[in-house]
Amino acid sequence: MAAQCVTKVELTVSCENLLDKDVGSKSDPLCMLLMNTTGAQWFEVDRTERVKNCLSPKFAKKFVIDYYFEVVQKLKFGIYDIDNKTIDLSDDDFLGELECTLGQIVSSKKLTRPLVLKNQRPAGKGTITINAEEIKDNRVVNFEVEARKLDNKDFFGKSDPYLEFYRQTETGWQLAHRTEVVKNNLNPAWKPFKIPLQSLCNSDMEKPIKVECYDYDNDGSHDLIGTFETNLTRMQQGSHTSPAEFDCVNIKKKQKKKNYKNSGVVSVKLCQVVKEYSFLDYIMGGCQLNFTVGIDFTGSNGDPRSPDSLHYISPNGHNEYLMAIWSVGMVIQDYDSDKMFPAFGFGAQIPPSWQVSHEFPLNFNSSAPFCAGIEGIVEAYRVCLPQVKLYGPTNFSPIINHVARFGAQAAQQKTASQYFVLLIITDGVITDLDQTRTAIVNASKLPMSIIIVGVGGADFSAMEFLDGDNGNLKAPTGEPALRDIVQFVPFRKFQNAPKEALAQCVLAELPQQVTSYFRMQNLQPPHDSSPA
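Bear in mind the structure is a predicted one, so any value in this text is a computation, not a measurement. (Residues numbered from 1 in each chain as written. Predicted model: local features only at pLDDT ≥ 70, side-chain atom pairs only at ≥ 80, totals over all residues. Heavy atoms only, no water.)

*Asks:* Please explain the overall build of the protein as it appears in this structure.
*Replies:* Along its length, the protein carries 12 helices and 26 strands. Taking 532 residues into account, the globule formula puts the C-alpha radius of gyration at 24 Å, and the protein, at 26 Å, falls close to it. With the C-alpha coordinates of the protein rotated into their principal frame, the extents come out at 95 × 55 × 45 Å. Considering only contacts in the protein between residues 6 or more positions apart, those separated by 24 or more positions represent 71%. For the protein, the exposed surface amounts to about 25100 Å²; the carbon and sulfur share of it is 51%. Each charge class in the protein was averaged separately, 55 positive and 63 negative side chains, and the resulting centres sit 7 Å apart. (Helix = DSSP H or I, 4+ residues; strand = E, 2+ residues; numbered from the N terminus. Rg over C-alpha atoms; globule rule 2.2 N^0.38 Å. Contact = heavy atoms within 4.5 Å. Areas by Shrake-Rupley, 256 points an atom, 1.4 Å probe, with all protein chains shown as cover. Lys, Arg positive; Asp, Glu negative; His and termini not counted. Charge placed at Lys NZ, Arg CZ, Asp CG, Glu CD.)

This is the structure in structure tokens:
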């Protein structure tokens, strides 16, 4: 029986006394969270923002994790000094890590431990503190905030202001959110942002909220411009035509200056509490995941009759293609009510004309390319394999565009009723990379995700490039992807891992991709089953 998610847990991370790896300044730390529930494979859950020039950072970004009581959820918090813009952390200085379980954090609520290096020696005097809180409220607060006539703290140019929002707790003020820095501006307008209601005020509209305004400095010695205390009820009174306004007061300045009024005014133009649906809210509310498989039948796989071929089915009935289909499909199929899955091949010559096709149905039935369950896909693959001639090239865009056409139809609906997941299993280099980039950018506007599993030992650097975690994927025209929808995993990483490990890794990002699309479109589940 599958483990049941007990609750969602929000983890807040801070550090003290980190190692200083920078010459002439301080380290610029970031925290990456990895998880391992299978005993074999660690996968990245998320990472915080980078805090510049700071050896005792309080990270504003929270980690949100599903908590399973009966599963040992191993966590690894890695702290890195970030000095470049690449997403790869292997070229950044390692400042220490903590490995523990989610159960240990939840049971202690607040866990402080020394950081250790890879050789398990202490990372100087560095410590990490993790606060855990159960998420009981799925509402968020949408903000639009401006300021005017802020004090100028800079000799050259103007202040570079940002805001920090704090909520009151039993142990003092806790950071809930940090805005971006607006450069060289005494009348800034920050980008719209949202804060979970529970993080901001523990869902209590009257609970005190403290807002601090700082002038950002590169060396980390940010100057306090001013501060004010309020509550959510007061901030909600503002509108675009009549903002809720707060005097930003610098206590030290007030004590020194007789006629001091404020160090600027902060205007809250929008403070709106809205329900934010979770992945389970969408699924339980009637959203269907539509699963499609695309299989690479190009010549580089080798003759299927040869044991050296990636398509060779061993005497015990396995190859890497089948294992990937089983592993991912067995999880996905639970979320598709009719379990009738379209399955296609690409890169083969197909009978009777032996023309090369890049989107042929495995069952050779163009009007009904569906297979009944994962077993049906496996059977169709086995029957199809000896009937086609492996050829080439390796074109991804036709099958991506094929699924995107259905996604475009679903996008016309007014509720979050359908989402499409395309699993592509391939052995090598993409031939139509530019067309594929365009297809992915277009698909990023639709209810659609793409999972790519690479089999064999080929160079998969192009696949890593398509997995746009760093938000840099663009079409050849320069148009950027609206959101990250591609997850790439090389199968060789999982050859000796438990069979669940591959599915866990490739599907880890899917819930977030589903919710990000529906939230972006402001769509509700067909049947709202979540508590108000």
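*Asks:* What is the right way to read the sheet that holds strand 15 (residues 244-247) from this model?
*Replies:* Taken together, 4 strands build an open sheet; the order of strands is 12-9-16-15 and the sheet is antiparallel. The outermost strands of the open sheet, each flanked by one partner alone, are strand 12 (193-196) and strand 15. Sheet twist, expressed as the average angle between the axes of neighbouring strands with direction ignored, equals 35 degrees. Relative to strand 16 (residues 265-275), strand 15 runs antiparallel, the two being bridged by 4 bridges. Paired with Phe246 across the strands is Val266, a residue of strand 16. (Pairing = 2+ DSSP bridges. Axes fitted to C-alpha atoms, helices over the stretch in contact; angles between N-to-C directions.)

*Asks:* Help me understand the sheet that holds strand 11 (residues 172-178), please; the structure alone is not making it clear to me.
*Replies:* Hydrogen bonds between backbone atoms are what pair the strands of a sheet, whose relative direction is either parallel or antiparallel. If you walk across this open sheet you meet the 4 strands as 11-10-13-14, and the pairing is antiparallel. Looking along the sheet, the strands with just one partner apiece sit at the ends: strand 11 and strand 14 (223-230). Ignoring which end each strand starts from, the neighbouring axes of this sheet average 30 degrees apart. Judged from the 6 bridges that link them, strand 10 (residues 161-169) and strand 11 form a sheet pairing that is antiparallel. Bridge pairing links Glu164 to Arg178 in strand 11.

*Asks:* Sorry, what's going on with the packing of aromatic side chains here?
*Replies:* Aromatic ring pairs are reported here in terms of the distance separating the ring centres and the angle at which the planes meet. The tally for this structure, following the rule as stated, stands at 20 aromatic pairs. Taking the centre distance of 5.5 Å and the plane angle of 80 degrees together, the rings of Phe291 and Phe341 count as edge-to-face. Residue Phe291 is found in strand 17 (residues 288-296), and its partner Phe341 is found in strand 18 (residues 340-346); the two are separated by 50 residues along the sequence. The exposure classification of Phe291 matches that of Phe341, with both residues buried. On the numbers, 5.5 Å between centres and 70 degrees between planes, the contact of Tyr517 with Phe518 is edge-to-face. For Phe518, a relative accessible area of 1% translates into the label buried. Within the aromatic cluster, the residues linked to one another by ring pairs are Tyr277, Tyr282, Tyr419, Tyr517 and Phe518. Of note, Lys210 hangs over the ring of Tyr166, and the distance from its end group to the ring centre comes to 5.6 Å. (Phe/Tyr/Trp six-rings, centres within 6.5 Å; stacked < 30°, edge-to-face > 60°. Buried < 20%, exposed > 50% of the residue type's maximum accessible area, 1.4 Å probe, protein only. Lys NZ or Arg CZ within 6 Å of the ring centre and 35° of its normal.)

*Asks:* Even after reading the chapter, I still don't get helix 9 (residues 433-443), so can you show me in this structure?
*Replies:* Side chains that are three or four residues apart share a direction in an α-helix, a result of its 3.6 residues per turn. Among the residues making up helix 9, those that are buried are Thr436, Arg437, Ala439, Ile440, Val441 and Ala443. Elements in contact with the buried residues of helix 9: helix 8 (397-410), strand 25 (448-454), helix 10 (461-466) and strand 26 (486-490).

*Asks:* Looking at this structure, how should I read the nonpolar core?
*Replies:* In summary, soluble globular proteins display a tendency toward joint burial of nonpolar side chains. Counting residues in hydrophobic clusters, the biggest one holds 84 residues, and the most contacted among them are Leu11, Phe77, Phe291 and Phe297. Core analysis: the next-biggest nonpolar cluster, separate from the first, contains 28 residues, Val141, Val182, Ile209 and Cys248 among them. (Core = buried A, V, L, I, M, F, W, Y, C linked by side-chain atoms within 4.5 Å.)

*Asks:* Please explain the pattern of salt bridges as it appears in this structure.
*Replies:* If charged atoms from side chains of opposite charge come close, those side chains can pair. As enumerated under the stated definition, the model contains 19 salt bridges in all. Arg47 is the partner of Glu44 in a salt bridge, and the nearest nitrogen-oxygen pair spans 2.8 Å. A relative accessible area of 35% means that Glu44 is categorised as partly exposed. A salt bridge links Lys445 to Glu479; its shortest N-O distance comes to 2.9 Å. Of the two residues, Lys445 is situated in the loop between helix 9 and strand 25 and Glu479 in the loop between helix 10 and strand 26; the sequence distance between them amounts to 34 residues. Ionic contacts of the salt-bridge type, sharing partners, join the residues Glu49, Glu164 and Arg178 into one network. (Salt bridge = Lys/Arg side-chain N within 4 Å of Asp/Glu carboxyl O.)

*Asks:* Explain the pairing of strand 26 to me, please; I cannot follow it from the model alone.
*Replies:* Within a regular strand, side chains alternate between the sheet's two faces. The element strand 26 is largely enclosed, with a buried count of 5 among its 5 residues. The two faces of strand 26 match: Val486, Phe488 and Pro490 on one face and Gln487 and Val489 on the other face are all buried. With 5 bridges joining them, strand 25 and strand 26 adopt parallel strand pairing. Of the residues in strand 26, the one forming a bridge with Ile452 is Phe488.

*Asks:* So what exactly am I meant to see when it comes to the packing of helix 8 against helix 9 here?
*Replies:* A pair of packed helices is captured by two measures, namely the crossing angle of their axes and the spacing between those axes. It is the contact of helix 8 with helix 9, at a shortest axis distance of 9 Å, that shows an interaxial angle of 15 degrees. What the angle tells us is that helix 8 and helix 9 run roughly parallel. Crossing hand, helix 8 versus helix 9: left-handed. Here helix 8 contributes Ser397, Ile400 and Asn401 to the contact with helix 9, which in turn contributes Gln435, Thr436, Ala439 and Ile440. When the residues that make up the contact of helix 8 with helix 9 are grouped by side-chain class, the tally is 3 nonpolar, 4 polar and no charged. (Parallel < 35°, antiparallel > 145°, perpendicular 65-115°, else oblique. Left-handed = near helix turned anticlockwise from the far one by under 90°. Nonpolar A, V, L, I, M, F, W, Y, C, P; charged D, E, K, R; others polar.)

Geometric values such as these leave the question of function open.
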